[in-house]
Amino acid sequence: MKYFGFSLVFLITLGLGIALSIQFGSIPPIGKLMDPNHGFWQNSYSEDMDFEEELDLKNLRNKVKVIYDENLIPHIFADNEKDLYRVQGYITAKHRLWQMEFQTMAAAGRISEIIGPMAIELDRMTRRKGLAFAAETSLQYIQKEHPDTYELVEAYADGVNQYIESLNAAELPIEYKILDYKPETWSAYKSLLLLKYMADMLVGDRDLEYTNLRNQIGQEMLDKLYPDFPEENDPVIEAERIWDFVPLEVSKPDSTGYPDADIFVNTMPQPVEGIGSNNWAVSGTKTKSGNPILANDPHLSLNLPSLWYVMQLSTSTHSVKGATLPGALGIISGFNQDIAWGVTNATRDTRDWYAIQFKDESRTEYLYDDVWVKSTFRIEEIKVKGQSTYLDTVVYTHHGPVVYDKTFRPDRKDVNFSLKWTAHLESNEQKTFLLLNKGKNHDDYINALNHYTSPAQNFVFASKDGDIAMKVQGRFPLKWEGQGKFLMDGKNPDFEWKGFIPNEHNPSTLNPVREFVSSANQHSVDPSYPYYMFDHSFEHYRNRRLNDRLQEMNQMTAQDMMALQFDNFHLHAAEALPVMLSLMDSTEINQLDEMGIKYLSQLKKWNFYAFPNQEEPTLFHVWWEKLHDGVWSKWKTEGKPIVLPNKYQTTKLLLNEPESEIFDNPATSEKETAKSLIKNSFSEMVEKIGEIEKTDKDYTWANYKKTSILHLVPNFKSFSHINVYTGGGAGILNATSERNGASWRMIVEMGEGGEAFGIYPGGQSGNPGSKYYDNLLKKWANGEYVDVSIQSESGISNPLFTTIFNN
Amino acid sequence: MKKFLGLFILVSLLVVLVGPYVPYWVLMIGVALASFLIGSGNFSSFLSCGLSFGLTWLVLSLYISIITDSELPQRMSKLMGLENESLILIGTGVLGFIVGSFSGLTGAIFRSLFQRKNSKSALS
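Being a predicted model, the structure only gives us computed values, none of them experimental.

Cut-offs used in this document
Residues numbered from 1 in each chain as written. Chains lettered and ligands numbered in written order. Predicted model: local features only at pLDDT ≥ 70, side-chain atom pairs only at ≥ 80, totals over all residues. Heavy atoms only, no water. Helix = DSSP H or I, 4+ residues; strand = E, 2+ residues; numbered from the N terminus. Buried < 20%, exposed > 50% of the residue type's maximum accessible area, 1.4 Å probe, protein only. Rg over C-alpha atoms; globule rule 2.2 N^0.38 Å. Contact = heavy atoms within 4.5 Å. Areas by Shrake-Rupley, 256 points an atom, 1.4 Å probe, with all protein chains shown as cover. Lys, Arg positive; Asp, Glu negative; His and termini not counted. Charge placed at Lys NZ, Arg CZ, Asp CG, Glu CD. Polar contact = N/O pair within 3.5 Å; in protein donor to acceptor, adjacent residues only side chain to side chain. Phe/Tyr/Trp six-rings, centres within 6.5 Å; stacked < 30°, edge-to-face > 60°. Lys NZ or Arg CZ within 6 Å of the ring centre and 35° of its normal. Buried area = accessible area lost by both parts, 1.4 Å probe. Salt bridge = Lys/Arg side-chain N within 4 Å of Asp/Glu carboxyl O. Nonpolar A, V, L, I, M, F, W, Y, C, P; charged D, E, K, R; others polar. Domains from an automatic or database assignment. Expected span 1.5 Å × (residues − 1). Core = buried A, V, L, I, M, F, W, Y, C linked by side-chain atoms within 4.5 Å. Pairing = 2+ DSSP bridges. 1 Å grid on protein atoms, 1.4 Å probe; cavity = no way out; pocket = protein on both sides within 12 Å on 5 of 7 lines; lining within 4 Å. Points joined across faces, edges and corners; volume = space filled by probe spheres on them.

## A closer look at the overall build of chain B
Part 1 of the reasoning: Tallying secondary structure elements over chain B gives five helices and zero strands in all.
Part 2 of the reasoning: Secondary structure elements of chain B occur, N-terminal to C-terminal, as α-α-α-α-α.
Part 3 of the reasoning: Judged by the C-alpha coordinates and their principal axes, chain B covers about 55 × 25 × 25 Å.
Part 4 of the reasoning: The proportion of buried residues among the 124 residues of chain B is 46%.

## Some details on the overall build of chain A
Part 1 of the reasoning: Along its length, chain A carries 22 helices and 29 strands.
Part 2 of the reasoning: The C-alpha radius of gyration computed for chain A amounts to 28 Å, which stays within 12% of the reference 28 Å derived for 807 residues, consistent with globular compactness.
Part 3 of the reasoning: Seen along its three principal axes, the alpha-carbon backbone of chain A occupies a region of about 85 × 75 × 65 Å.
Part 4 of the reasoning: Across the 807 residues in chain A, those meeting the buried criterion constitute 62%.
Part 5 of the reasoning: Restricting the contact set of chain A to residue pairs at least 6 apart, pairs at least 24 apart contribute 73%.
Part 6 of the reasoning: When the accessible surface of chain A is summed, it comes to about 30,400 Å², and 50% of that surface belongs to carbon and sulfur atoms.
Part 7 of the reasoning: Side chains of chain A give 79 positive and 110 negative charges; the mean places of these two sets differ by 4 Å.

## Some remarks on helix H19 (residues 647-656) of chain A
Residues and elements named next belong to chain A.
Part 1 of the reasoning: Extensive coverage of H19 is indicated by the burial of eight of its ten residues.
Part 2 of the reasoning: Packing partners of the buried residues in H19 comprise helix H10 (207-225), helix H13 (542-552), helix H15 (571-582), helix H18 (616-632) and helix H20 (674-696).
Part 3 of the reasoning: Capping the start of H19, Asn 646 holds a side-chain oxygen 3.1 Å from the backbone nitrogen of Tyr 648, two or three residues further along.

## Points about the packing of aromatic side chains
Part 1 of the reasoning: Inspection of the entire model under this criterion finds 44 aromatic pairs over all chains.
Part 2 of the reasoning: Aromatic pair Phe 53 of chain B and Trp 57 of chain B: ring centres 5.3 Å apart, planes at 55°, arrangement tilted. Taken as a pair, Phe 53 of chain B and Trp 57 of chain B lie in helix H3 (residues 42-68) at a separation of four residues, close to a single helical turn. The two residues Phe 53 of chain B and Trp 57 of chain B agree in class, both being buried.
Part 3 of the reasoning: Through a chain of ring-to-ring contacts, three or more aromatic side chains come together here, namely Phe 6 and Phe 10 of chain A together with Phe 36, Phe 110 and Phe 114 of chain B.
Part 4 of the reasoning: Here Arg 214 of chain A stacks its cationic end above the ring of Phe 486 of chain A, 4.3 Å away from the centre of that ring.
Part 5 of the reasoning: In this structure, Lys 420 of chain A is placed above the aromatic ring of Trp 497 of chain A, and the distance from its NZ or CZ to the ring centre is 4.9 Å.

## Quick notes on the interface of chain B and chain A
Part 1 of the reasoning: Taken together, the contact pairs 39 residues of chain B with 40 residues of chain A.
Part 2 of the reasoning: Interface of chain B and chain A: buried area, both sides summed, is about 3,400 Å²; carbon and sulfur atoms make up 75% of it.
Part 3 of the reasoning: Remark: the boundary between chain B and chain A carries one salt bridge.
Part 4 of the reasoning: The residue Arg 75 of chain B makes a salt bridge to Asp 774 of chain A at a minimum N-O spacing of 2.7 Å.
Part 5 of the reasoning: Elements that contribute at least two residues to the side of chain B that touches chain A include exactly helix H2 (24-38), H3, helix H4 (72-79) and helix H5 (85-112) of chain B.
Part 6 of the reasoning: In terms of residues, the side of chain B that touches chain A owes the most to one element, H5 of chain B, which gives 14 residues.
Part 7 of the reasoning: Taken together, the residues that form the side of chain B that touches chain A break down as 26 nonpolar, eleven polar and two charged.

## Some remarks on the domain arrangement of chain A
Part 1 of the reasoning: According to the domain assignment, chain A contains domain 1 (1-34) and domain 2 (571-705).
Part 2 of the reasoning: Relative placement of domain 1 of chain A and domain 2 of chain A: their C-alpha centres are 60 Å apart.

## Brief notes about helix H6 (residues 131-145) of chain A
Residue and element names in this part refer to chain A.
Part 1 of the reasoning: Along its 15 residues, H6 runs 21 Å from first to last C-alpha, staying within 8% of the 21 Å computed at 1.5 Å per residue.
Part 2 of the reasoning: Residues Leu 131, Ala 132, Ala 134, Ala 135, Thr 137, Ser 138, Leu 139 and Ile 142 constitute the buried set of H6.
Part 3 of the reasoning: Buried residues belonging to H6 abut helix H3 (81-107), helix H5 (120-128), helix H7 (147-166), helix H9 (188-202), strand S14 (376-382) and strand S17 (417-421).

## Structural notes on the nonpolar core
Part 1 of the reasoning: Residues Phe 40, Ile 76, Val 87, Ile 91, Leu 436 and Phe 805 of chain A together with Met 76 of chain B are the most contacted members of the largest nonpolar core, which totals 173 residues.
Part 2 of the reasoning: A total of twelve residues in this core trace back to one element, the largest contributor, which is H3 of chain A.
Part 3 of the reasoning: Apart from the residues within four sequence positions on either side, Leu 436 of chain A is in contact with Asn 336, Ile 339, Trp 341, Tyr 445, Ala 448, Leu 449 and Phe 459 of chain A.
Part 4 of the reasoning: Core analysis: the second largest hydrophobic core is formed by 63 residues, Phe 358, Met 580, Trp 606 and Phe 682 of chain A among them.

## What to know about the pairing of strand S7 (residues 309-314) of chain A
All names here are of chain A.
Part 1 of the reasoning: In terms of residue burial, S7 counts as a mostly covered element, since six of its six residues are buried.
Part 2 of the reasoning: On S7, burial covers both faces: Tyr 309, Met 311 and Leu 313 on one face and Val 310, Gln 312 and Ser 314 on the other are all buried.
Part 3 of the reasoning: Two strands pair when backbone bridges link them, and strand S3 (residues 74-77) and S7 are joined in this way by three bridges, in the parallel orientation. Bridging from a neighbouring strand, Phe 77 pairs with Ser 314 of S7.
Part 4 of the reasoning: Two elements, S7 and strand S8 (residues 319-324), share six bridges in a ladder whose sense is antiparallel.

## Brief notes about the sheet that holds S17 of chain A
Residue and element names in this part refer to chain A.
Part 1 of the reasoning: With mixed pairing, the four strands of this open sheet are ordered in space as S16-S17-S11-S20. Sheet topology places strand S16 (402-404) and strand S20 (488-489) at the edges, where each strand pairs with a single neighbour.
Part 2 of the reasoning: The sheet contact formed by S16 and S17 spans two bridges and is antiparallel. Following the sheet pairing, Val 402 is matched in S17 by Ser 418.

## Focus on empty space enclosed by the protein
All names here are of chain A.
Part 1 of the reasoning: By the definition in use, this model includes ten cavities of 30 Å³ or more.
Part 2 of the reasoning: Looking at the largest cavity, its volume works out to about 190 Å³.
Part 3 of the reasoning: The residue inventory of the lining of the largest cavity, partitioned by class, reads twelve nonpolar, five polar and one charged.
Part 4 of the reasoning: Computed from the structure, the second largest cavity encloses a volume of approximately 150 Å³.
Part 5 of the reasoning: If you go around the second largest cavity, you meet 15 residues; those closest to its centre are Pro 227, Asp 535, His 536, His 540 and Asn 646.
Part 6 of the reasoning: Across the lining of the second largest cavity, the residue classes break down as eight nonpolar, five polar and two charged.

This is the structure:
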């Protein structure tokens, strides 16, 4: 009996020991997590409570000093670049290890390893797009052609790995504890993956959607509603720019037989509207101090830990400061003593699709130029937490990976669409940033940009010498007029890209007459640019507001630039609302109920600003959505992807052709016009706002749009900030929408005594237990900044702490 | 009572001094061993080890929570679907009690395997 008793108790105890240390489904290992000595409690310490004054770091040539300022911004003082990047790797990992690893896992299509089978579909998509393949290609290229870059990327990786090795169980970032896994070794390959992750985030295409649209509405209507250039084009490079080069020749083939079958595939998610950015620089003649001022605010998904991490990187020869991307070397958007630069996304159709005809089911050969060509196979092994490995075979043609095929997302067995994308090319974007970090003048900037392939960016520039410049840089395929707008025929060589536009022919400007340069994701150029340039997602509002303001402002200061980054003027509303109101019938207005009258009078008095406490932006936003839907939803067919005309073209149509047949929905018996759609959408808006008033008691803009900064694992709601009180919106200079917005705001005044300011929605620490996890968030929401001017070793007032790295 | 207290103090020291260096399941073995060596009765060992382990975890957590003033306990409570922050503290203590008590009982019963029947009362 007593043996039985012992066995029972022993088994219970053993069971407890085991059960509490393993994960059941989504329930984390409770024992490990709650243990105050190793579990989440240990992540409660902020960085200034738990730091090392001295550390040994292998492979350093000299001593390196790291001083943290009051916002936990590290200032690294090293003797040489190799030491600098080794310590950058270590320090970044110390504060952002989980995030940098998670992002590269996402880019490699390895999320299933962490969260299980629900991510298999996502991972398959990522791998089929060829991000890992692209990073491998770039790694081989850099190893061979740019050993100088490779050496530094390796030093960074070594720094990250020395940090990982030094970690004990208690210090492990909390996300590892909750999700129950451990960091793996970092590598140069992972740094390159991170840059591909950015390309994936920023580059889209609508070729398959356009193919369906052309079949559905015809080429003529397509050209009318989706023109290559808008009526009011206000391009990145000023329209007056004379193109002083002889363009490469490219001619449209005589007969272009685009495949014209309807496509029913569930196409990949696209960069959401609102992902974009602003940047500008004004010449000294327009500023109060006489020095150029540069500003940049990249709008990306608003996440915690923050996408950006601010650092100062100093060697004996240069000091540079600004926003880094954890995982990549150097500063991405920033400045040194001589130059400043910033980036916005330069969208362009750099991703094209080819329909492939295989010889047979085995898909080992495909038809190209009347001969059968051998394809290659890449087996993707997707490890899945709690399940056996998922194997996915991806066929590669010379165009690129076959993303959509019989095993992935089509409704027909003969679908084989191959993706060609500049992000797959050999490239060394890292070098661009390494060179910009120590650049001294305009020549250095142009030279640095020559290494940059993807994702294409509008690089703004200002220098101490007084220069301001802008260049649209990426590796852009040389295309004939209209090429790649639709799914192309993969067996016809006429559809091949005809080479690449030389870097020197990419649109650029230096010290233009208007004394400022700017970009806000709009068209890069005026139609006079001698190459074919197309994209679906150019922006039409922020650019015009920005240029109008820059044109009329003089004697500018850094504070003026802050106000401009936080500018809440809603240009789309200012253009569309008067048209919408004018289309409201007076008899209808007389029939409105009390609510309708209230909302209408609010809208009539609106000043077109989108401050958080205003109600009018909500009214307009809901009305516009209902209207847009009322006009275009008739085109949607279940399972057949298309894109609807954008708000700019829709507004133009309402203004210029309110009687147009386009407004009619042939499926209904009555005849719709702009007026009837305006009437219906207004009623729908009144109904929806009425509901919001009843349930929420509040339809102010901030409360309606609910700007949210979400943790990278969306389930971790308590690590996120939901419903942040702030204004702005998509298409507004302060482009803060629900999930996107200024992920980093920077203003730099060049020259002696020049100051720099920056802010982002989060904090320097990646640890949700630290007070530096989200300490900058409130300032960001209020449009405030912190001083990020370059500091000397002795110049940092109120340092939090200092760590010395010994060799 | 002496053995109860002795075991209590020993387990508490074990959790505080050895705890930071080993995972909690090694502590469980340590607790069982301590209970085996001290030789308190079954129920007494169960209670002494449980209370000691649980209270030590509770005090450690409370201490960290107070000196760091971190929002993390609150965030973790929400993440685990708990109403308020104090529940996660109590939860840590209860978990410590369960882990400690069963380890202690295992050690005690194991010792009793080597003793003649009825030589000791359940409570000593």
